[in-house]
Amino acid sequence: MNGPGTPGSPSTPGAPSSIDRRVRIAAALVGAGLLVEIMVLRGEHPSAFLIFVLAGIPLVAAGVLVFLYSLVSAKD
Amino acid sequence: MITPETLTILAFLSNLVLIVLLLARPSLTATREGKILAFVALFLFPVLCSAIGFSAHMERSKTTTFCLSCHVMEPFGKSLDVDDKQYIPAAHFQNHRVPADEACYTCHTDYVLYGGIRAKWRGMRHVYVQYLGTPPAPADIHLYTPYNNRECLHCHLGARSFEESATHTAIRGEVISNQVSCISSGCHDTVHNVANLTNVKFWKGTP
């Protein structure tokens with residue numbers, strides 16, 4: 001049932017499909033964002049808050065958007 | 001005992017584990033279960049974790065330690081330890097009239113609807129000046145607007161010590177309507193007074 005463009009199915013054997021690639025990018029961005037967030041989570045200085053807001057949240061948001069885009073762009 | 005902080009860290013870590021799994025095997029999303037997993041790991045959990053983290057930072061920004069972590073605020077922190085009850089912040093801090101761990105926020109927030117948000121917004125302005133502007137010398141730091149009696153009366157109005165004072169009774173209306181400031185000259189006029197901290201005695205704290 002998995003044809004080209006179907007989530008998780010490679011268009012050519014062994015090659016990652018575009019959705020796989022997007023899921024990977026999304027996972028990498030969200031992962032990086034969460035790592036930044038967890039590192040500064042207990043920080044008691046305003047710089048920790050700034051890093052959380054200016055680096056952590058945008059990375060997570062970008063990852064979430066890439067993931068949502070991968071959902072809407074997936075062909076049925 | 002599991003604290004909210006431990007739960008937050010656990011949520012972050014479990015999200016990271018799921019993300020590593022998706023990074024290693026993105027083809028998992030081909031199945032229905034995989035799609036649910038991806039939705040949880042790449043949407044639901046990250047949004048939730050970020051919201052919890054943001055809220056934790058917002059809460060921490062109320063702490064005395066947070067406010068005093070900027071170098072320019074050090075003298076203001078020192079003024080809380082002055083051994084003189086004429087110093088209003090010191091008398092409040094040392095006698096726990098305000099929570100010691102949220103001393104700055106308790107007096108410097110606005111006790112109105114969305115006052116907390118306004119106080120945080122002012123805090124962002126401080127952060128901007130700290131990192132991108134030129135922070136003034138501690139003695140040159142002043143409030144943006146005159147101190148509002150409302151912040152004092154939030155606790156003191158109706159309190160016996162306030163209501164039974166003859167002075168307060170005489171000017172009660174003016175104090176409530178903010179026509180006479182609580183910290184006006186001759187009343188409670190010694191506040192942080194950071195310019196004169198070199199000549200004062202400091203309280204050593206509880207043993």
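Residues numbered from 1 in each chain as written. Chains lettered and ligands numbered in written order. Predicted model: local features only at pLDDT ≥ 70, side-chain atom pairs only at ≥ 80, totals over all residues.

## A word on the overall build of chain B
The helix and strand tally for chain B stands at 11 helices and 0 strands. The dimensions of chain B, computed from C-alpha atoms along their principal axes, are 75 × 40 × 35 Å. In chain B, which comprises 207 residues, the proportion classed as buried is 21%. Across chain B, contacts joining residues at least 24 apart in sequence account for 59% of those joining residues at least 6 apart. (Helix = DSSP H or I, 4+ residues; strand = E, 2+ residues; numbered from the N terminus. Buried ≥ 20, exposed ≤ 12 C-beta atoms within 10 Å, placed from the backbone. Contact = placed C-beta atoms within 7 Å.)

## A look at the nonpolar core
One finds A:A26, A:V30, B:L22 and B:L42 to be the most contacted residues of the largest nonpolar core, which totals 26 residues. Among the secondary structure elements, those contributing two or more residues to this core are helix 1 (18-40) and helix 2 (46-73) of chain A together with helix 1 (4-24) and helix 2 (32-60) of chain B. The element contributing the most residues to this core is helix 1 of chain A, with 9 residues. Core analysis: the second largest hydrophobic core is formed by 13 residues, B:M73, B:F76, B:F93 and B:Y105 among them. (Core = buried A, V, L, I, M, F, W, Y, C linked by C-beta atoms within 7 Å.)

## A closer look at the interface of chain A and chain B
Listed by partner, the interface residues are 29 residues for chain A and 32 residues for chain B. For the side of chain A that touches chain B, the secondary structure elements donating two or more residues are helix 1 and helix 2 of chain A. The element contributing the most residues to the side of chain A that touches chain B is helix 1 of chain A, with 12 residues. A per-class count over the side of chain A that touches chain B returns 19 nonpolar, 6 polar and 4 charged. (Nonpolar A, V, L, I, M, F, W, Y, C, P; charged D, E, K, R; others polar.)

## Quick look at the confidence of the model for chain B
Should pLDDT be low for a region, the predicted coordinates there are not to be read in detail. Residue and element names in this part refer to chain B. The pLDDT averaged across chain B works out to 92; a share of 99% of its residues lies at or above 70. Taking the mean pLDDT of every element in chain B, the minimum, 87, falls on helix 7 (residues 115-132) and the maximum, 96, on helix 5 (residues 88-94). Here the predicted complex carries an ipTM of 0.80, next to a pTM of 0.82. (pLDDT = per-residue confidence, 0-100.)

## Examining the packing of helix 1 of chain A against helix 2 of chain A
Two quantities define a packed helix pair, namely the angle between the helix axes and the distance between the axes. All names here are of chain A. Across the interface, helix 1 lies against helix 2 with an axial gap of 8 Å and an inter-helix angle of 165 degrees. Judged by the angle between their axes, helix 1 and helix 2 are roughly antiparallel. When the axes of helix 1 and helix 2 are compared, the crossing they make is left-handed. Here the residues of the contact of helix 1 with helix 2 are counted per class, giving 21 nonpolar, 4 polar and 2 charged. (Axes fitted to C-alpha atoms, helices over the stretch in contact; angles between N-to-C directions. Parallel < 35°, antiparallel > 145°, perpendicular 65-115°, else oblique. Left-handed = near helix turned anticlockwise from the far one by under 90°.)

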